[in-house]
Structures are given as structure tokens and as C-alpha cells.
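Each chain, letter by letter, is given below.
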Amino acid sequence: MKVAPKIAEAYEKARTTRLNSYSPYSKFKVGAALVTKSGKFITGCNVENASYGGTVCAERTAILKAISERETAFSDIVVVTDAAEPAFPCAFCLQVMAEFFDPETKIYLADTEGVRSVHKFKSLLPKPFGPMQLKTAKATAKKKN
Ligand SMILES: [Zn+2]
């Protein structure tokens, strides 16, 4: 699909970063590129681990890199795989996205040929667990005491 120049640039960065994937177990290489609201690009690839549980997806790698660089506001993320149908972010990644993405943040799904679809974050995780639930829990605890 045709995308804005900013997204095309993010796509190229995600596609290139995918090649850095450390995925000796699944052989499933994923690249991601975040676009910050300040116009920067922050990339990530999946990094697998022999423990399996220590594996980090490309989307989370990019988000954690961004946070560690004090970038906390994002307009878009492009995710590139070579799957027959471009892969959606996993539930772990959606939960981490919920911490930092706006409902309107766009998630572009792509393969090695180009961007295939775009989704607003709120459509992929319409009812995220977030800080409001923690506030509610504390309010309930105080009432009981
Ligand atoms: Zn994931």
C-alpha cells in the first residue's frame, strides 16, 4: 500500500533492522521502527534466548530503546516480517504499547515487499490494562481499611 514518506522511511529502517534479528530458534526475523512525535526513528529487532522466556520481540526492543533514550511519545510503528500474512504484534508487545502509545498511534504491518496494512492501536487492544486499574485498586483497598 502507498504510505506517507515518513512511513516509507520507517519501513526501510525496519526492513534493514530485521536483518539484525537474533533468531536462531524460530528463524522468524522481525524488524520494527518507531516514529516519535518529535520525528525521530528508533529501530528494534527480535532477540531470542535459549530460555525462550527471555526472548524480546522487535517491537519491545524498539520501545525499550526509545524509553532509555527519553523518547516517550510515538505516532507510528512499522513492523516487518517475511510471513505470508504480515504478523500482528503479540499480546506482550500490545501490553507494553498500552503503556506508551495513544489510542490513535498507528501500527503498520509489512512484509519484505512493502507495507500491507495499518491499524490504530485502539483497534488491536481496545481495553488495555493500565494505570487506571491500579488507581482503582488502591481506592478500593483504602475503603476496606
Ligand atoms: Zn511481541
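Everything numeric here is computed off the predicted structure, so don't read it as measured data.

Conventions adopted
Residues numbered from 1 in each chain as written. Predicted model: local features only at pLDDT ≥ 70, side-chain atom pairs only at ≥ 80, totals over all residues. Heavy atoms only, no water. Donors = N, O, S within 2.8 Å, 3.2 Å for Na, K, Ca; no water. Helix = DSSP H or I, 4+ residues; strand = E, 2+ residues; numbered from the N terminus. Buried < 20%, exposed > 50% of the residue type's maximum accessible area, 1.4 Å probe, protein only. Pairing = 2+ DSSP bridges.

Chemist: How should I be thinking about the coordination of the zinc ion in this particular structure?
Modeler: Ideal values for angles at a metal depend on the geometry: 109.5 degrees with four tetrahedral donors, 90 or 180 degrees with six octahedral donors. Surrounding the zinc ion are the protein donor atoms C57 (SG), C90 (SG) and C93 (SG), at 2.2 to 2.3 Å. All donors of the zinc ion belong to a single chain; written as a sequence motif, their spacing is C-x32-C-x2-C. Of the two residues, C57 is situated in the loop between β2 (41-45) and α2 (58-68) and C90 in the loop between β3 (74-80) and α3 (91-100); the sequence distance between them amounts to 33 residues. Take C57: its relative accessible area is 18%, and that puts it in the buried class. Judged by relative accessible area, which is 27%, C90 ranks as partly exposed.

Chemist: Could you clarify how one ought to interpret the pairing of strand β1 (residues 31-36) in this entry?
Modeler: As a general feature of sheets, a regular strand has side chains that alternate between the two faces. Within β1, six of the six residues are buried, leaving the element largely enclosed by the surrounding structure. Relative to β2, β1 is paired through five bridges, and the arrangement is antiparallel. Residue pairing in the sheet places L34 in a bridge with I42 of β2.

So far we have only geometry, and geometry alone does not tell us how the molecule works.
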